[in-house]
Amino acid sequence: MSRTTRLSSSLLRVAAVTGVAALTLTACGSGSGSDSSSSGSGEVKVGLITKTDTNPFFVKMKEGAEKAAKENGAQLSTAAGKFDGDNAGQVTAIENMVAAGVKGILITPSDSKAIVPAIQKARAKGVLVIALDTPTEPESAVDALFATDNLKAGQLIGEYAKAAMKGKTAKIAALDLAPGVSVGVQRHDGFLKGFGATDKDVVCAQDTGGDQAKGQTAMENCLQKSPDINVVYTINEPAALGAYTALKAKGREKDVLIVSVDGGCTGTQAVKDGKIAATSQQYPLKMAAEGVKAVVTYAKDGKKASGYTDTGVTLITDKAQDGVTSKDTGYGLENCWG
């Protein structure tokens, strides 16, 4: 339809309702969905599916995708699960987006293994599928992966913690994510590698799901088991803040070293405030922006993104340690998300 065609008010209302209905088809879970650019038959359709639409990390990822879509003349549809782990919702979103004619789908898999069959069906229909943040299992199930090197993120805080302990015997608590989740496993293993430790050196390990309240409970449990804990590794900053709350209640907040991963604005501020000693900052906006550009490139010249693209990680702390590269919270707050 030409831009100069005049529509009656009734037809405009019909068009609006139709647009909303079509958009709802591309959303799942919480019903999150949006079109980030003006409609047009020549635009490249891109889909973004996140684990949830409430986690600040994924909110920032969506912002990055929306901005990149506008800059590259793409039409963006978004969807999210009702909760972290909602594989069925993500499967439905993939099916709806393929039916809507997207050229590419960007996805943060809730279940790295269970999502693979749906991804394979989409790729068989010529849709470029790129995983963001979380790799699929196997990683080759998608065309490409744009993500933080989570092993490196863990290793950086492990190296930092080792240096900060200055030769003192470490009593380590690990507040992890959940069994079998690749991001959690990689960060945990990276921390141990950086610290020069093994799981045998961890006096208490608890799963938190990355949740602050569960992080607090996990820390309380660990303190009951091993009151002399002096190093706490956490999967993310909400878990770290939960651990800090539990430690403060016991008067231990100043003599226990807490390190974490994510680099959200709340977590980075907690580093500045001295609640967390250091965190490894990652960049969700960049992941999404690069993903949108890759889909547009594929649509225009058929060139597929492939392999793994490292979107970067930076150690953030105001208490730098010799031999460990880091930046201060001034830099962290300028580049944080959430």
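Calculation notes
Residues numbered from 1 in each chain as written. Predicted model: local features only at pLDDT ≥ 70, side-chain atom pairs only at ≥ 80, totals over all residues. Heavy atoms only, no water. 1 Å grid on protein atoms, 1.4 Å probe; cavity = no way out; pocket = protein on both sides within 12 Å on 5 of 7 lines; lining within 4 Å. Points joined across faces, edges and corners; volume = space filled by probe spheres on them. Helix = DSSP H or I, 4+ residues; strand = E, 2+ residues; numbered from the N terminus. Nonpolar A, V, L, I, M, F, W, Y, C, P; charged D, E, K, R; others polar. Pairing = 2+ DSSP bridges. Axes fitted to C-alpha atoms, helices over the stretch in contact; angles between N-to-C directions. Disulfide = S-S within 2.5 Å. Buried < 20%, exposed > 50% of the residue type's maximum accessible area, 1.4 Å probe, protein only.

Undergrad: Please clarify how the layout of surface pockets should be interpreted in this entry.
TA: Rolled over the atoms, a probe as big as a water molecule pinpoints where empty space is left. Empty space within the largest pocket amounts to approximately 970 Å³. As for the largest pocket, its lining consists of 41 residues, of which Asn 55, Asp 84, Leu 177, Gly 209 and Asn 236 are closest to the centre. At the level of elements, α2 (56-71), α6 (182-195), α7 (212-225), α8 (237-249) and α9 (265-272) are the ones that each hand at least two residues to the lining of the largest pocket. Its residues assigned to classes, the lining of the largest pocket comprises 13 nonpolar, 17 polar and eleven charged.

Undergrad: Would you mind showing me how to read the sheet that holds strand β12 (residues 314-316) here?
TA: Sheet strands pair by backbone hydrogen bonding; their relative direction is either parallel or antiparallel. The strand order β7-β6-β8-β9-β10-β12 describes an open sheet built from six strands, whose pairing is mixed. With partners counted over all chains shown, the strands left at the sheet margins are β7 (202-207) and β12, one partner each. Going from strand to strand, the sheet's axes swing by 15° on average, the running direction of each strand aside. Of the pairings in the sheet, the one linking strand β6 (residues 172-176) to strand β8 (residues 231-234) comprises four bridges and is parallel in character. Across the sheet, the residue bridging to Ala 173 is Val 232, located in β8.

Undergrad: What's the story with the state of the cysteines in this structure? I'm lost.
TA: Simply put, the disulfide is a covalent bond whose two ends are the sulfur atoms of two cysteines. Counted according to the given criterion, the structure contains two disulfides. Cys 265 shares a disulfide with Cys 336; S-S distance 2.0 Å. For the disulfide bridge between Cys 265 and Cys 336, the dihedral angle about the S-S bond is near 90°, and by the sign convention the bridge is right-handed. Remark: Cys 336 occurs in the segment after α11 (329-334) and Cys 265 occurs in helix α9; sequence separation between them is 71 residues. On the accessibility criterion, Cys 336 (14% relative accessible area) is buried. What connects to what in the protein chain, once the bonded cysteines are numbered by sequence position, is 1-2, 3-4.

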